[in-house]
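# Architecture at a glance
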Amino acid sequence: DQQVKQNSPSLSVQEGRISILNCDYTNSMFDYFLWYKKYPAEGPTFLISISSIKDKNEDGRFTVFLNKSAKHLSLHIVPSQPGDSAVYFCAAAQGGSEKLVFGKGTKLTVNP
Amino acid sequence: GAVVSQHPSWVICKSGTSVKIECRSLDFQATTMFWYRQFPKQSLMLMATSNEGSKATYEQGVEKDKFLINHASLTLSTLTVTSAHPEDSSFYICSARKGGLAKQFFGPGTRLTVL
C-alpha cells in the first residue's frame, strides 16, 4: 500500500518556464511534508518542507503548496533552470514518528 | 550545515563475503540514523532505524541477521551486509536526523555490487 504517490514518473519543461511536481498521500495522519532532489548516484538533498498548519511555503524559486482536504501537495519551481534536472522525491512524516515515507519520485528534465 | 558522509561510495565483492558501510554525521550529533535501499527507478525503501546506544529497529521484511546495524556513537552508524549475494546488489543510502527535526540529511550513498 503506497501511502505517498507521485503519479508522474517524468516531466519535461523548457528553461525559464514553471515546473510543477505533484504528490498525493493517503494517510490523513501525515502532518509534515518534504521535497528532496536527487542526482544519479548521489543521496537526496533537502529542498523545502511544509507543516500541515500551513498551505504554502516559499524559498526562492521553490514553493510548496499543501491542500489537506485533497491530500495533495505540489512543488513549483520558477523559473526552471537546466541545473534543476534531477529526480524529485516527495516525503511525508506523521506527528511523533521519526520515519519518512517517500514517493517513487518524478524525473524532471529542464531543456535549455 | 548538516553534512552526512558515507564510506565507501562504491564496493564490489564476491558472493558470500561481508561488506561494511559507514555513515557519519560530520558537523552534528545524530541520535537517530536511518538506512535506506534504492533499486533502479524505485523509491527509497527504509530498511532500519538506528538509535545510538540501542538496537536498531528493522522494517518488516528486512532480515536483521543479514543487515547488521551498529550505532556506537552519536556520529557513526555502520551497516554490515553479511554473506552478500547478487540480489543484495543495490544503492544503500543513510540519513541522519538533526535535533528534533523530522527532516533527514542524507549521505551520498554506497553502490554495492555483489558478483
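Predicted model, so just to flag it, every value in this text is computed and none were measured. Per-chain numbering applies: the sequence of each chain, read as written, is numbered from 1 onward. Written order decides the labels, with chains lettered from A and ligands numbered from 1. Residues qualify for local features only when their pLDDT is at least 70, as the model is predicted, and side-chain atom pairs are given and counted only at 80 or more; totals for whole chains, interfaces and linings, by contrast, use all residues. The side-chain values count all of the structure's non-hydrogen atoms but skip hydrogen atoms and water molecules.

### Some words on the interface of chain A and chain B
- A contact between two residues is defined here by any heavy atoms of the two lying within 4.5 Å. Taken together, the 17 residues of chain A in the interface contact 21 residues of chain B.
- Buried area: the accessible area, evaluated with a 1.4 Å probe, that two parts lose upon being put together, summed over both parts. When the two sides are added together, the surface that chain A and chain B hide from each other amounts to roughly 1500 Å², 59% of it contributed by carbon and sulfur.
- Taken as a group, Glu98(A), Lys99(A) and Phe102(A) account for 34% of the area that chain A buries against chain B, more than any other trio of residues on that side.
- For salt bridges, the criterion is a side-chain nitrogen of Lys or Arg within 4 Å of an Asp or Glu carboxyl oxygen. The interface formed by chain A and chain B contains 1 salt bridge.
- Ionic pairing is found between Glu59(B) and Lys99(A), a salt bridge with its closest N-O pair at 2.9 Å.
- As used in this structure description, the phrase polar contact means that two N or O atoms lie within 3.5 Å; if the pair is within protein, one of them must be able to donate a hydrogen and the other to accept it, and residues adjacent in sequence are counted only when both atoms belong to side chains. Our count for the chain A to chain B interface comes out at 6 residue pairs in polar contact (both at pLDDT 80 or more).
- Under the scheme used here, helices are H or I runs from DSSP no shorter than 4 residues and strands are E runs no shorter than 2 residues, and both carry numbers assigned from the N terminus. Sorting the residues of the side of chain A that touches chain B by element identifies strand 4 (30–38) and strand 9 (86–94) of chain A as the ones contributing at least two each.

### Let's talk about the pattern of salt bridges
Residue and element names in this part refer to chain A.
- Here the structure, examined in full by the defined rule, presents 4 salt bridges over all chains.
- The closest approach of N and O atoms between Arg61 and Asp84, which form a salt bridge, is 2.8 Å. Of the two residues, Arg61 sits in the loop between strand 6 (56–59) and strand 7 (62–67) while Asp84 sits in the loop between strand 8 (72–77) and strand 9, which places them 23 residues apart along the sequence.
- Buried, partly exposed and exposed residues are distinguished by accessible area as a fraction of the type maximum, computed with a 1.4 Å probe on protein chains only: under 20%, between the cut-offs, and over 50%, respectively. Judged by its relative accessible area of 2%, Asp84 is buried.

### Here's the deal with the packing of aromatic side chains
- Classification of ring pairs rests on two measures: the distance between centres of Phe, Tyr or Trp rings, Trp counted by its six-membered ring, which must be within 6.5 Å, and the angle between planes, read as stacked under 30 degrees, edge-to-face over 60 and tilted in between. Counted under the stated rule, the structure contains 11 aromatic pairs over all chains.
- A ring pair is formed by Tyr36(A) and Phe46(A), whose centres lie 5.9 Å apart and whose planes are at 75°; its orientation type is edge-to-face. Residue Tyr36(A) is located in strand 4, and its partner Phe46(A) is located in strand 5 (residues 45–51); the two are separated by 10 residues in the primary sequence.
- Residue class for Tyr36(A) comes out buried when judged on its relative accessible area of 0%.
- Judged by relative accessible area, Phe46(A) falls into the partly exposed class, the value being 23%.
- Their ring planes at 85° and their centres at 5.1 Å tell us that Tyr36(A) and Phe106(B) sit as a pair that is edge-to-face. Residue Tyr36(A) is found in strand 4, and its partner Phe106(B) is found in strand 10 (residues 104–106); the two belong to separate chains.
- The cationic tip of Lys103(B) hangs over the ring face of Phe46(A); the distance from NZ or CZ to the ring centre is 4.1 Å. For a ring to carry a charge above it, either NZ of a lysine or CZ of an arginine must fall within 6 Å of the ring centroid while also lying within 35 degrees of the normal to the ring plane.

### What to know about the nonpolar core
- Formed by 25 residues in total, the largest nonpolar core has its most connected members in Val4(B), Trp35(B), Leu79(B), Tyr92(B) and Leu112(B).
- When residues of this core are traced back to their parent elements, those giving at least two are strand 2 (10–13), strand 3 (19–25), strand 4 (32–38), strand 5 (44–51), strand 7 (67–73), strand 8 (76–81), strand 9 (90–97) and strand 11 (110–114) of chain B.
- Residues within four places of Tyr92(B) in sequence aside, it is in contact with Gln6(B), Ile21(B), Tyr36(B), Arg37(B), Met47(B), Phe67(B), Leu79(B), Gly109(B), Thr110(B) and Leu112(B).
- Counting residues in hydrophobic clusters, the runner-up holds 23 residues, among them Ile48(A), Leu66(A), Ile77(A) and Ala86(A). Grouping buried Ala, Val, Leu, Ile, Met, Phe, Trp, Tyr and Cys residues that are joined through side-chain atoms within 4.5 Å yields what is termed a nonpolar core.

### Focus: the side chain of Ser19(A)
Residue and element names in this part refer to chain A.
- Counting through the fold element by element, Ser19 comes out in strand 3 (residues 19–25).
- For Ser19, a relative accessible area of 1% corresponds to the buried category.
- Residues within four places of Ser19 in sequence aside, it is in contact with Leu11, Val13, Leu75, His76, Ile77, Ser80, Leu108 and Val110.

### Observations regarding a nonpolar patch on the surface
- Every patch collects residues that have over 30% relative accessible area and no salt bridge, joining them within 9 Å if they carry like charges and within 5 Å if they are nonpolar side chains (Val, Leu, Ile, Met, Phe, Trp, Tyr). Working definition of accessibility: Shrake-Rupley area with a 1.4 Å probe, residue cover restricted to the visible protein chains. A surface patch of nonpolar side chains, about 230 Å² in accessible area, is lined by Ile18(A), Ile20(A) and Val78(A).
- Inspection of the secondary structure puts Val78(A) in the loop between strand 8 and strand 9.

### Focus on the state of the cysteines
Residue and element names in this part refer to chain A.
- By convention in this document, the label disulfide applies to cysteine sulfur atom pairs within 2.5 Å. Counted by the stated rule, this structure contains 2 disulfides over all chains.
- With a sulfur-sulfur separation of 2.0 Å, Cys23 is cross-linked through a disulfide to Cys90. The sign of the -70° torsion about the S-S bond sets the Cys23-Cys90 disulfide as left-handed. You can see Cys23 sitting in strand 3 and its partner Cys90 sitting in strand 9, a full 67 residues away along the chain.

### Comments concerning the pairing of strand 3 of chain A
All names here are of chain A.
- Of the two faces of strand 3, only one is covered, namely that formed by Ser19, Leu21, Cys23 and Tyr25; the face formed by Ile20, Asn22 and Asp24 stays uncovered.
- In this scheme, strands are said to pair when DSSP sees at least two bridges between them. The pairing of strand 3 with strand 8 spans 6 bridges and is classified as antiparallel. Paired with Leu21 across the bridge in strand 8 is Leu75.

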